[in-house]
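Coordinate inspection notes
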Amino acid sequence: MLEQLTGHLVADLSIKTFSLLLVLVALETVLSADNAVALAAIAQDIEDPQQQRQALNWGLIIALVLRISLLFTATWVIQFWQFELGGALYLLWLSLKHFWNYFYPNIAEEQTVDSPKDKNYQFGQIILLIAFTDLAFSLDSVTAAVAVSSKTWLVLTGCIIGIITLRFMAGLFVHWLSEFTYLLDAAYLTVFGVGVRLMFKALIPDHVPPQWLMLTLIVFLFIWGFSKRVTPEAQEILNIDICEKTRR
């Protein structure tokens with residue numbers, strides 16, 4: 001009888017643990033959709049597809065180390081609003097930089113990369129941008145995961161699976177960014193929205209926009225982002241431009 005009860009208890013705990021793991025993975029996946037398109041937008045600055053993949057791989061390896069560090073210090077980090085303010089300012093800078101280059105392309109063109117040394121520097125810079133962008137996005141998702149379960153190993157497993165999912169999602173978005181006209185702008189508007197929410201959370205926590213509002217905004221931005229495909233003529237011009245950049 002005792003063995004039977006023990007068996008049922010172990011089975012119940014296993015089902016509960018598995019269910020919690022599914023919740024954590026789902027949470028990471030849902031909260032990582034905006035993150036994935038942001039990382040894809042950063043990786044798109046590299047013309048060579050193989051180097052894009054390498055930048056995403058290395059960036060997310062560093063991101064995983066940073067996420068694990070954040071996980072183990074989450075209860076300490078959430079006591080300091082300065083961390084969230086720093087993440088907010090970083091995301092706002094990232095999005096505003098994109099739109100500054102969008103409205104003032106001549107200034108961006110002056111900063112062309114010529115030498116192999118400069119290209120290596122840009123490659124390393126993009127890897128770090130990917131890692132720190134993921135960290136800024138993770139400030140919300142990691143604290144949410146810690147709230148779901150107090151078991152560190154379970155949250156850690158969900159975090160690792162989430163990073164792997166994020167890598168595949170970012171790879172898809174890299175491909176889609178060249179196919180849809182508005183998706184890149186939608187990505188950086190999403191980054192801006194997440195940055196604004198983090199700033200509210202850091203400075204005026206009583207007036208933070210609710211999560212459902214942010215998710216609704218992101219859904220509408222994604223709908224707009226996927227609303228128009230790049231025409232064959234525009235794609236041909238883009239391919240010529242990429243070839244010219246590659247020859248430099």
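Attention in this report is confined to the structure presented alongside it.

As a further point, take the packing of helix H8 (residues 183–203) against helix H9 (residues 211–225). The geometry of H8 relative to H9 is characterised by a closest axis approach of 8 Å and an angle of 170° between their N-to-C directions. Between H8 and H9, the angle falls in the class roughly antiparallel. Remark: the crossing between H8 and H9 carries right-handed chirality. Counted together, Leu183, Asp185, Ala186, Leu189, Thr190, Gly193, Val194 and Arg197 of H8 and Gln211, Met214, Ile218, Leu221, Phe222, Trp224 and Gly225 of H9 form the full contact between these two elements. In the contact of H8 with H9, the residues fall into nine nonpolar, four polar and two charged.

Assignment of secondary structure puts alanine 186 in helix H8. Residue alanine 186 is classed as buried on the basis of its relative accessible area of 0%. The spatial distance from the C-alpha of alanine 186 to the C-alpha of phenylalanine 220 is 9.2 Å, given a sequence separation of 34 residues. Residues contacting alanine 186, with those up to four places away along its chain left out, are Leu221, Trp224 and Gly225.

Applying the stated criterion to the full structure yields three salt bridges. The salt bridge involving glutamate 84 is made with lysine 201; its shortest N-O contact spans 3.6 Å. Within this pair, whereas glutamate 84 is found in helix H4 (residues 81–103), its partner lysine 201 is found in helix H8, the two being separated by 117 residues in sequence. Relative accessible area serves as the criterion here: at 26%, lysine 201 is assigned to the partly exposed category.

Take the environment of lysine 228 next. Residue position: lysine 228 is located in the loop between H9 and helix H10 (232–247). Residue classification places lysine 228 among the partly exposed positions, given a relative accessible area of 39%.

Before going further, it helps to examine the side chain of arginine 167. Take arginine 167: it is sitting in helix H7 (residues 152–177). No salt bridge is formed by the buried arginine 167. Its closest oppositely charged neighbour is aspartate 134, at 12 Å. Excluding its chain neighbours within four sequence positions, the residues that come into contact with arginine 167 are Arg53, Leu56, Asn57 and Leu60.

Across its 15 residues, H9 extends 21 Å between first and last C-alpha, which sits within 8% of the 21 Å expected from 1.5 Å per residue. Among the residues of H9, those classed as buried are Met214, Ile218, Leu221, Phe222 and Gly225. The arc enclosing the buried residues of H9, seen along the axis, measures out at 100°, which places them on a common side. Away from its buried face, by an angle of more than 90 degrees, H9 presents the exposed residues Trp212, Phe220 and Ile223.

A word on a nonpolar patch on the surface. Taken together, the side chains of Ile62, Leu128 and Phe132 present a nonpolar region at the surface, about 240 Å² in accessible area. Topologically, isoleucine 62 is positioned in helix H2 (residues 49–72). On the basis of relative accessible area, isoleucine 62 is assigned to the partly exposed category, the value being 31%.

Within the largest apolar cluster, 45 residues are counted, with the highest numbers of intra-cluster contacts made by Ile42, Ala55, Leu56, Leu91, Leu94, Ile130 and Phe173. Among the secondary structure elements, those contributing two or more residues to this core are helix H1 (2–43), H2, H4, helix H6 (116–148), H7, H8 and H9. Per-element accounting of this core gives the leading share, nine residues, to H1. If near-sequence neighbours (up to four positions away) are discounted, alanine 55 is found in contact with Ile46, Phe123, Ile126, Ile127 and Ile130.

Moving on: the side chain of threonine 190. The residue threonine 190 is located in helix H8 in this model. Separated by 2.8 Å, the side chain of threonine 190 and the backbone oxygen of alanine 186 make a polar contact. Beyond its immediate stretch of four places on either side in the chain, threonine 190 contacts Asp34, Ile218, Leu221 and Phe222.

Calculation rules
Residues numbered from 1 in each chain as written. Predicted model: local features only at pLDDT ≥ 70, side-chain atom pairs only at ≥ 80, totals over all residues. Heavy atoms only, no water. Axes fitted to C-alpha atoms, helices over the stretch in contact; angles between N-to-C directions. Helix = DSSP H or I, 4+ residues; strand = E, 2+ residues; numbered from the N terminus. Parallel < 35°, antiparallel > 145°, perpendicular 65-115°, else oblique. Left-handed = near helix turned anticlockwise from the far one by under 90°. Contact = heavy atoms within 4.5 Å. Nonpolar A, V, L, I, M, F, W, Y, C, P; charged D, E, K, R; others polar. Buried < 20%, exposed > 50% of the residue type's maximum accessible area, 1.4 Å probe, protein only. Salt bridge = Lys/Arg side-chain N within 4 Å of Asp/Glu carboxyl O. Lys, Arg positive; Asp, Glu negative; His and termini not counted. Expected span 1.5 Å × (residues − 1). Arc of directions from axis to C-beta. Patch = residues over 30% accessible without salt bridge, like charges linked within 9 Å, V, L, I, M, F, W, Y side chains within 5 Å. Areas by Shrake-Rupley, 256 points an atom, 1.4 Å probe, with all protein chains shown as cover. Core = buried A, V, L, I, M, F, W, Y, C linked by side-chain atoms within 4.5 Å. Polar contact = N/O pair within 3.5 Å; in protein donor to acceptor, adjacent residues only side chain to side chain.

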